[in-house]
Amino acid sequence: MTAIDRQRLSKNQLLGLYRQMHLIREFERECERQYTRGHIKGFLHVYSGEEAIAVGAISTLEPQDYVVTHYRDHGHALARGVSSKDIMAELFGKATGCSKGRGGSMHLFDASKNFMGGYAIVGGQLPVATGLALASQYRGENRIALCFMGDGALNEGEFHEAMNLAAIWKLPVIFFCENNLYGMGAPASTTLIMHQEIYRMAAAYGIPGAEVDGNDVLAVRELMLEVVQRVRGGQGPYFIEAKTYRLRGHSIADPANYRPPEEVSYWQSRDPVPRFKEWLLAEGQASQAEIDQVGASVEQEIVAAAQFAESSPFPQPQDLHKWVYEEGQA
Amino acid sequence: MAIISYREAVSQALREALEEDHRFFLMGEDIGPYGGSFAVTRGFWEEFGPERVKDSPLSESAIVGAGVGAAMAGLRPMVEIMTINFSLLAIDQIVNHAAKIRYMSGGQFSVPLCIRTVTGAGASVGATHSQSFEGWYASVPGLHVVVPSTPKDALGLFRSCRELMDPVIFVEHILLYGARGEVPDGPFKIPLGQAEVKRLGRDVTIVTFSRMVHVCLAAAEQLAVEGIQVEVVDLRTLRPLDMETVVHSVRKTRHALVVEEAPKQGGFGAEIASQVQHLAFDYLDGPVERVAGEEVPIPYSMPLERLAIPDPERVARAIRAQLGR
Ligand SMILES: Cc1ncc(C[n+]2csc(CCOP(=O)(O)OP(=O)(O)O)c2C)c(N)n1
Ligand SMILES: [Mg+2]
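Only a predicted model underlies this, so the values are computations on that prediction, with no experimental measurement involved.

Draft legend 1. Fine view of the nonpolar core. One finds Phe-239 of chain A together with Met-72 of chain B to be the most contacted residues of the largest nonpolar core, which totals 92 residues. When residues of this core are assigned to domains, at least three map to each of domain 1 (2-183) and domain 2 (196-323) of chain B. In this structure, Met-72 of chain B is in contact with Phe-109, Met-116, Tyr-119, Val-128 and Leu-132 of chain A together with Ile-101, Phe-109, Ser-110 and Val-111 of chain B, ignoring residues within four places of it in sequence. Among the nonpolar cores identified, the runner-up in size contains 63 residues, and Leu-44, Val-55, Ala-89 and Leu-280 of chain A belong to it.

Structural data, given as structure tokens:
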């Protein structure tokens, strides 16, 4: 990792990136615990192993930019600054959740952060992100949309339609593929003909594409800095493929037995969180004491989030129909 | 009072939106220089420019989804889906996204998106181009479904749709574009959720919408000669649904017939029949009857196509049978 000079990050900023990555990892651990305790229901897809992507990419955005993502969305929400309390409360189905308990794990929203949602229909978020970028272009605004997707989304028609539309209208949107090599249990090698070079698919839409090590937060950041500048400058959409790996199963219900042990251990050795930590220490960018301090503060934050979620009220029965339509409309 | 066509009414409604508020813009396939498949937007591209009359690729899902995103960002997109048959390629964006984002975000985002599309059989365009799916969309909480039958209703209802902060499916009928009718001068509006009695009668109530209103009015004409007075209630919107007007009419006539163009099984008319028997059971002198499309893909050949969808004779026959006349 030599990107640091070009990115001119202060020690504090570097430690901030590390804190976010560590927070996501610990948050997901807490989610798994709370799921086992029965506080979190339904589907739970954790982001463990992919933290460098959300943290690196979102750190290059401005507050006015839009973030749109898929159902594996806790990491993106946290990286965008959505409060861990609000997210945990949402997972608990509480009225204080970031989607007021109406969304759940796969549908996190936070208007105050321009966090435009987690979308649980694979590929469905791409057209929406395209429309957000269109609004920006229409009004001559200086904002871009960053749209995350899994490798599975590339098999959906909505991907192809949105890529072409964004390109033909030259919209300020970055399509960011988190290629973790699997869609549920299916290896991308069995479902996507271009699985080894997904980023090259962009060329078919006249969109520039690039690949990056998705387990290297500074590499993701460096590429994004360049891409954001370009897209903000009105040069049209961009496509990024980041190779990464889910360290856990597809969802909490999935032991992921279909993955070869060598593959898993290879990717464990590239785990982005310890990797970044070791780099910070080796480069003298952080001391062990500072790392420990981050650990302690994250632990506190997680405890507070869980307490907040647990002590928050469920939505009121009389509010079942609230927000189906604008207030006053039936 | 002016007499204009249904096409002109929709066209005027769109033009007003574009003229009055820059947040409104149009997206659709060949709505630009070509003028729209049904010529509703003829001349718009030249007048308002390509930024506000956006000719789109053949990508129903992407343009509806782009409408969802733009609406979330505060614009007022008006998307044209060439016909309701093609809306199936956008149904994910309509049902899973447009209709649910306000709710799933706990009220943080709204989707003031208007999707205009064209429904109906009778144009000899075969099974894939002749369907009537408006009833399906009416089963989705979060959507508004508007089904005007006259130029006045089209204009007045669209003016109300423009003000809504939630998604609307505005369904025009393929055979009605040339239909002419009186439209009041001035900025009148018709609120959603208000059915209209299109013809007064004391013997039987027909509940219907869209082009079937005209079929039923023609049947009512025939029956009047025989001394049967038919009341025709035009729902005008399927969601929200005005059962009050329907029940009020049925209480008077004590007989109800529901008429729709889509196949009977699972059709929207079943919902009306169910609600009528629930809300007005004690007033009914007999079962709620239905006339609907046949259980068949719409055939191409004209004599067959005519058999597949209700016409005034079938409606009249059903009423004679219902009243034992
Ligand atoms: C349209 C659609 N089809 C199927 C599913 C069920 N499903 C949920 S996640 C998933 C796999 C998606 O894989 P990928 O896009 O690679 O994301 P990852 O889970 O690897 O992050 C599937 C098939 C869905 N949610 N939406
Ligand atoms: Mg994947």
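Having put the structure on the table, let's press on.
Draft legend 2. Local environment of the packing of aromatic side chains. All names here are of chain A. All told, the structure shown has 17 aromatic pairs over all chains when counted by the stated rule. On the basis of an interplanar angle of 50 degrees and a centroid distance of 5.6 Å, the ring pair of Tyr-182 and Tyr-258 is categorised as tilted. Of the two residues, Tyr-182 sits in strand S5 (residues 182-183) while Tyr-258 sits in the loop between strand S8 (238-243) and helix H9 (261-268), which places them 76 residues apart along the sequence. Note on Tyr-182: relative accessible area 7%, which makes it buried.

Draft legend 3. Structural context of the sheet that holds strand S3 (residues 145-150) of chain A. All names here are of chain A. Ordered in space as S2-S1-S3-S4-S8-S7, the six strands form an open sheet in which the pairing is parallel. What marks the edges here is a single partner per strand, and that holds for strand S2 (115-119) and strand S7 (209-213). Ignoring which end each strand starts from, the neighbouring axes of this sheet average 15 degrees apart. Against the sheet, helix H7 (residues 157-168) makes contact with S3, strand S4 (173-179) and S8, and its axis sits at roughly 150 degrees relative to S4, the strand it touches most.

Draft legend 4. Quick look at the domain arrangement of chain B. All names here are of chain B. As far as domains go, chain B holds domain 1 (2-183) and domain 2 (196-323). Each of domain 1 and domain 2 has a C-alpha centre, and the two are 26 Å apart. Ranking the residues of domain 1 by area buried against domain 2 places Ser-124, Val-147 and Ser-149 at the top, with a combined share of 24%. Counting the contacts that link domain 1 with domain 2 gives three salt bridges. With its nearest N and O atoms 2.7 Å apart, the salt bridge here joins Lys-198 to Asp-153. Elements with a minimum of two residues in the side of domain 1 that touches domain 2: helix H6 (134-137), strand S6 (144-146) and helix H7 (151-161).

Cut-offs and rules
- Residue positions within a chain follow its written sequence, with the count starting from 1.
- Starting at A for chains and at 1 for ligands, labels are handed out in the order in which the entities are written.
- Whole-chain, interface and lining totals are the exception, using all residues; otherwise, since this is a predicted model, local features are given only for residues with pLDDT of at least 70 and side-chain atom pairs are given and counted only at 80 or more.
- Think of the side-chain values as coming from all heavy atoms in the structure, minus any hydrogens and water.
- Buried Ala, Val, Leu, Ile, Met, Phe, Trp, Tyr and Cys residues form a nonpolar core when they are joined through side-chain atoms within 4.5 Å.
- Residue burial is assigned from relative accessible area. The probe radius is 1.4 Å, only protein chains are included, and a residue is buried under 20% of its type maximum, exposed over 50%, and partly exposed in between.
- Each domain's extent is set by a domain assignment, obtained either automatically or from a database.
- Only heavy atoms enter the contact rule, under which two residues are in contact if any of them lie within 4.5 Å.
- For Phe, Tyr and Trp, where Trp contributes only its six-membered ring, two rings pair if their centres lie within 6.5 Å, and the inter-plane angle classes them as stacked under 30 degrees, edge-to-face over 60, or tilted in between.
- Each helix is a run of H or I in the DSSP string that is no shorter than four residues. Each strand is a run of E no shorter than two, and both are numbered from the N terminus.
- Only strands joined by at least two bridges in the DSSP assignment are considered to pair.
- Each axis is a line fitted through C-alpha atoms, and for a helix only the stretch in contact is used; angles between axes span 0 to 180 degrees, taken between their N-to-C directions.
- By convention, the term buried area covers the 1.4 Å-probe accessible surface removed from two parts as they join, with the contributions of both added.
- Salt bridges are defined by distance alone: a side-chain nitrogen of Lys or Arg within 4 Å of a carboxyl oxygen of Asp or Glu.

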